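Understanding the architecture of this molecule
Here is how the chains run, residue by residue.
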Amino acid sequence: MTELNWSISFDERISPEGMPNAAKVDDYANFHKKSIKEYKEFWAGLATELDWFKPWDKVLDDSNPPFYKWFAGGELNASYLCLDRHVKSARKNKVAIIWEGEPMEDGKPKEVRKLTYYDMYREVNRVAHMLKEKYNIKQGDVIGIYLPMIPELPIFMLAASRLGAAFCVVFSGFSSDAIAERMNDAEAKIIVTADGSWRAGKMLDLKSIVDQAMQKAKTVKNVVVVTRTRNKVNMVEGRDEYFEDAMKGVHTNAYVEPERVKSESPLYILYTSGTTGKPKGQVHDVGGYMTLLHATMKWVFDIKDSDVYWCMADIGWVTGHSYIVFGPLMEGATEVMYEGSPVFPEQNRWASIIERYGVSVFYTSPTAIRGWIKGGEQWVKMHDTSSVRLMNSVGEPINPEAFKWLFRLVGREKVPFGSTWWMTETGGIMISHVPGLMMLPMKPGTNGFPIPGIDAEVVDEKGNPQKAGERGFLVLKKPWPGMPLTIFKDPNRFVDVYFSKFPGQFYAGDYAVRDPDGYFWVLGRADEIIKVAGHRLGTYELESALIQHKAVAESAVVGVPDEIKGEVPVAFVILRQGFIPSEQLKGELKELIRQQVGPIASLKDVFFASKLPKTRSAKIMRRVVKAVAMGMPPGDTTTLDDEASIDEIKNAYAQLSGEVGKK
Ligand code: 6R9
């Protein structure tokens, strides 16, 4: 029934007794029902808790669906919400970010920076001033950011938003081609990078990757280089400048008036990849997005002034945008930001961070937990992690074993622990426990219920609600604050991809099931997106990289289960005439993927075939390819979207598995 590699139990419940806000499912269901019936009023109530320069004229402008405008006509500024507001309050000198660099010395982290809200405010103002005066950045512009996990990353994001300019962050594990493609599409004017970054003891030379990208990035005129590793880099005269040099003339007390931006104007563009076509630039707004983050920081993380919050994600992905930068800073939280690998130099690094800073709210991922399980629990037991009072996971379905392990070792079998379902597209958390509001019984592996104001459903092929216990497609039935404004420069695609399968409803692309108690369990993607260690990759990107090799005529990439990373990609390749399969060629293709997409996309295996199974409309039968890759039979039912008959599937399977020698 499921797409999972493990079985789940709808009946295993962990009572919320003793947890704050313990409640019953019915209490929540009633509250939730009301919130979605009056969803506009409901969200408007939350939005009033933000500081607006000008109130909105209309809660929701729905005159042109699915291009919704939340809090239309309202004016605000995200950097003002994250900084100025706190600086005017008792939080002025409260620590905003405790940053820890990866390198260690004498058993201690070599570099720790603590930045207060006032420090952040001053630095963001200075950087905004520099961007404005030196590079003429203003509302309507886009700046590109390719930075590692250092405080300058949120600082540049906030500085851009202070000016009303949008930013586009590219994850520092992506390749030069991926950068160039995104910068060109976003029409970025400048790009900010670093001289290097530390990850698992290795120095990653980001600047030379940007140098390569600059050969193809047409709109980017300047490169700003932040010093991190003191790696010697090549600086192009007139084009590149060190951040320190760019800041030289800026007064220590520079102030830039936060731009009064419209609620419905873009805050950022973040690219996601899918099955077909180039990566999609998801454009997020200011007013709706910030409202959703405010609500979820309260409900899902129950954030308090006394908390030390740590989200382990990388800011290059949406989780970091929402739950390292804008969410926690808007709430005035103290948060930990860590540069490198959570298991460097030893397995206990992450647990030592929890102990040393007394982390109380912890946001992690299934891949990370599975890695720690493999490392052994003695590494966790070396540390006192009892400061943790609430935990969440994100990025992929969580297997019950991983849930139970962390719940026992760090959660002491008594703290709220949930798996928050959401996507780049949704802007923030959509389906989750809400311990800050009401804590329902937990079930290992579930996502819980849609948060208040979110109308989610599991539907069958025709869009009708699916029966309890039956797998279907996950949809969001009403607009929500935080939804994308559009796909950048491609509104038709926005409609096609998300709002055409079930007209008027947002199609998430995930399989899900609701259990008899009404809990949602997201099972995995229904399309060809693969999540490698929680990182979202499109098969299309990998396939178009492979095809650039002179030996490759055609390819199909599928995700196969992996014990730690959840999924990893494998490729099936058809060679051009005159080329023969070899180990060397396999190696070349693997290297090509690392170069073109990035190391996160590393292929686990490459299989050579003479033909790929296709449907009548020439679509690759991915289910068959995947079954072969896994060495499992394709099953004897046709899936919801297969055009092929069972016999055709079986024949295609027999041929392909025979050829690649897997059965
Ligand atoms: C936030 C993020 C989105 C896809 C999504 C789904 C998977 C994320 C999940 C989860 C089950 C969870 N996903 N969280 N599946 N349980 N708690 O990851 O965004 O990178 O856009 O990926 O990730 O498949 O559709 P993004």
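That block above? That's the structure.
Residues numbered from 1 in each chain as written. Predicted model: local features only at pLDDT ≥ 70, side-chain atom pairs only at ≥ 80, totals over all residues. Heavy atoms only, no water.

1. Comments concerning the overall build of the protein chain
If you tally the helices and strands in the protein chain, you get 19 helices and 34 strands. In terms of C-alpha radius of gyration, the protein chain reaches 24 Å, essentially the compact-globule figure of 26 Å for 663 residues. Its C-alpha atoms give the protein chain principal-axis dimensions of roughly 70 × 65 × 60 Å. Within the protein chain, buried positions represent 62% of all 663 residues. (Helix = DSSP H or I, 4+ residues; strand = E, 2+ residues; numbered from the N terminus. Rg over C-alpha atoms; globule rule 2.2 N^0.38 Å. Buried < 20%, exposed > 50% of the residue type's maximum accessible area, 1.4 Å probe, protein only.)

2. Quick look at the sheet that holds strand β28 (residues 506-514)
Across the sheet, which stays open at both edges, the four strands sit in the order β25-β26-β28-β29 with antiparallel pairing between neighbours. Since the sheet does not close on itself, it has two edges, and those belong to β25 (456-459) and β29 (520-525), each with one partner. Across the sheet, the mean angle from the axis of one strand to that of its neighbour is 45°, orientation sign disregarded. By the bridge criterion, four bridges tie strand β26 (residues 472-476) to β28 in an arrangement that is antiparallel. Within the sheet, the bridge partner assigned to L476 lies in β28 and is F506. (Pairing = 2+ DSSP bridges. Axes fitted to C-alpha atoms, helices over the stretch in contact; angles between N-to-C directions.)

3. Details of the pattern of salt bridges
This model, assessed by the stated rule, comprises 48 salt bridges. Among the ionic pairs, D305 bridges to R91, the shortest N-O distance being 2.9 Å. Residue D305 is found in the loop between α9 (287-299) and β18 (308-311), and its partner R91 is found in the loop between α3 (78-87) and β4 (95-100); the two are separated by 214 residues along the sequence. Each of R13, K443, D515 and D517 takes part in a single network of salt bridges with overlapping partners. (Salt bridge = Lys/Arg side-chain N within 4 Å of Asp/Glu carboxyl O.)

4. Side note on the packing of aromatic side chains
All chains considered together, the criterion is met by 44 aromatic pairs. The interplanar angle of 55° and the centroid separation of 4.9 Å between the aromatic rings of W56 and F71 together place this pair among those described as tilted. Here F71 lies in strand β2 (residues 69-72) and W56 lies in the loop between α2 (39-47) and β1 (58-61), a separation of 15 residues in the sequence. Of the two residues, W56 and F71, neither departs from the other in class, the shared state being buried. Seen from the ring of Y511, R471 lies directly overhead, with NZ or CZ sitting 3.6 Å from the centre. (Phe/Tyr/Trp six-rings, centres within 6.5 Å; stacked < 30°, edge-to-face > 60°. Lys NZ or Arg CZ within 6 Å of the ring centre and 35° of its normal.)

5. A few points about the packing of α2 against α9
Where α2 contacts α9, the axes come no closer than 9 Å and their chain directions differ by 80°. Put simply, α2 runs roughly perpendicular to α9. Counting all contacts with α2, which are made through F42, W43, L46 and A47, the residues of α9 involved are T291, L292, H294, A295, K298 and W299. Its residues assigned to classes, the contact of α2 with α9 shows seven nonpolar, two polar and one charged. (Parallel < 35°, antiparallel > 145°, perpendicular 65-115°, else oblique. Contact = heavy atoms within 4.5 Å. Nonpolar A, V, L, I, M, F, W, Y, C, P; charged D, E, K, R; others polar.)

6. Concerning the environment of F42
Within the secondary structure, F42 is located in helix α2. You can call F42 buried: its relative accessible area is 17%. It is 27 Å that separates the C-alpha atoms of F42 and S500, two residues lying 458 residues apart in sequence. What F42 contacts, discounting residues up to four positions off in sequence, is F31, S35, W299, P452 and G453.

7. Focus on α3
Helical periodicity: at 3.6 residues per turn, an α-helix aligns residues three or four positions apart in one direction. Across the 10 residues of α3, nine count as buried, placing the element largely inside the fold. Within the span of α3, buried status applies to A78, S79, Y80, L81, C82, L83, D84, H86 and V87. Buried-residue contacts for α3 involve β3 (75-76), α4 (117-135), α5 (152-162), β16 (266-272), α9 and α10 (318-330). You can read the cap of α3 off the contacts: a side-chain oxygen lies 2.8 Å from the backbone nitrogen of S79, and it is on N77. (Polar contact = N/O pair within 3.5 Å; in protein donor to acceptor, adjacent residues only side chain to side chain.)

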